[in-house]
Amino acid sequence: MAGNRSPANGNEAGCQYYYSKLLKKNIYTTLEIEPEFPGGSAAYVRFLNKNLRISVDTLVDVTSLPMPKMKFIVETYGQIIAPCIDGKNDTTQLNALEKDALEFIKKMPKWVPGMCGGKVVAAEVNRPLAICIKWETE
């Protein structure tokens, strides 16, 4: 994901983290205050409904495709970096739904960053892309 994790996990103020050699900083995996989509869960759902575009090819196979697991880092200033789906960084390994999910992540605005020990930290977010497809008939 963020490239070359250091094998040791740290613990600061009860928060778990690892050191990313690629980013040259600690990336937190458990926090006192988790990163949040701006406006909270309801705003996230509205953003999802408005911005997730599923290709026609994906709709044909959607019932047989597993739910993609999104993973990305929310930087200390809220920017999303290092997005990947199901741990895959190579887009040639992604199925159609996973590619749509990756494009969705790239459209996201800056998040409210997470906090540990009273300070803003870079944090890893792992979240399934839970979608419900409503078939409309005329």
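Rules used throughout
- Residues numbered from 1 in each chain as written.
- Predicted model: local features only at pLDDT ≥ 70, side-chain atom pairs only at ≥ 80, totals over all residues.
- Heavy atoms only, no water.
- Helix = DSSP H or I, 4+ residues; strand = E, 2+ residues; numbered from the N terminus.
- Buried < 20%, exposed > 50% of the residue type's maximum accessible area, 1.4 Å probe, protein only.
- Areas by Shrake-Rupley, 256 points an atom, 1.4 Å probe, with all protein chains shown as cover.
- Expected span 1.5 Å × (residues − 1).
- Arc of directions from axis to C-beta.
- Contact = heavy atoms within 4.5 Å.
- Pairing = 2+ DSSP bridges.
- Disulfide = S-S within 2.5 Å.
- Salt bridge = Lys/Arg side-chain N within 4 Å of Asp/Glu carboxyl O.
- Core = buried A, V, L, I, M, F, W, Y, C linked by side-chain atoms within 4.5 Å.
- Polar contact = N/O pair within 3.5 Å; in protein donor to acceptor, adjacent residues only side chain to side chain.

(A) How the structure looks around the overall build of the protein chain. From N to C terminus, the protein chain includes 3 helices and 8 strands. Moving toward the C terminus, one meets the helices and strands of the protein chain in the order β-β-β-α-α-β-β-α-β-β-β. Every one of the 138 residues in the protein chain was classed for burial, and the buried ones make up 38%. Of the roughly 8,100 Å² that the protein chain leaves accessible, carbon and sulfur atoms contribute 52%.

(B) Up close: helix α1 (residues 40-51). Given a rise of 1.5 Å per residue, 12 residues ought to cover 16 Å, and the 16 Å separating the end C-alpha atoms of α1 matches this to within 8%. Among the residues of α1, G40, A43, Y44, F47, L48 and N51 are the ones counted as buried. Buried residues along α1 cover an arc of 140 degrees about the axis, so they all sit on one side. Away from the buried face of α1 by more than 90 degrees, exposed residues S41, R46 and N49 are located. Elements in contact with the buried residues of α1: β4 (69-74), α3 (96-107) and β8 (123-128).

(C) Layout of the pairing of strand β2 (residues 15-20). Note that β2 and strand β3 (residues 25-28) share 4 bridges and pair antiparallel. Pairing of S20 across the sheet is with K25, part of β3. Counting the residues between successive antiparallel strands, the hairpin from β2 to β3 contains 4 residues, one of them, K24, with a positive phi of roughly 60 degrees.

(D) A look at the state of the cysteines. One pass over the full model with this rule turns up 1 disulfide. A sulfur-sulfur separation of 2.1 Å characterises the disulfide bridge that pairs C15 with C116. On the S-S bond that ties C15 to C116, the torsion sits near 110 degrees, and the link is right-handed. With C15 in strand β2 and C116 in strand β6 (residues 114-116), this pair connects stretches of sequence that are 101 residues apart. This pair shows no difference in class: C15 is buried, exactly as C116 is.

(E) Fine view of the pattern of salt bridges. Counted according to the given criterion, the structure contains 3 salt bridges. As a salt-bridge pair, E98 and K88 come within 3.2 Å of each other at their nearest N and O atoms. Note that E98 is positioned in helix α3 and K88 in the loop between β5 (80-85) and α3, a separation of 10 residues in sequence. With relative accessibility at 3%, the residue E98 sits in the buried group.

(F) Structural context of the nonpolar core. In this structure, M70, F72, F104, M108, W111 and L129 are the most contacted members of the largest nonpolar core, which totals 20 residues. Within the residue set of this core, elements represented by two or more residues are α1, β4, β5 and α3. Dropping the residues within four chain positions of it, M70 is found in contact with Y44, C84, I85, F104, I105, M108, V125, N126, R127, P128 and L129.

(G) Just α3, in detail. With 12 residues, α3 should reach 16 Å at 1.5 Å per residue; the first-to-last C-alpha distance of 17 Å fits that figure. Listing the buried residues of α3 in full gives L97, E98, D100, A101, L102, F104 and I105. Where α3 begins, the capping side chain belongs to N95, and its oxygen is found 3.0 Å from the backbone nitrogen of L97.

That is the geometry; function is a separate question.
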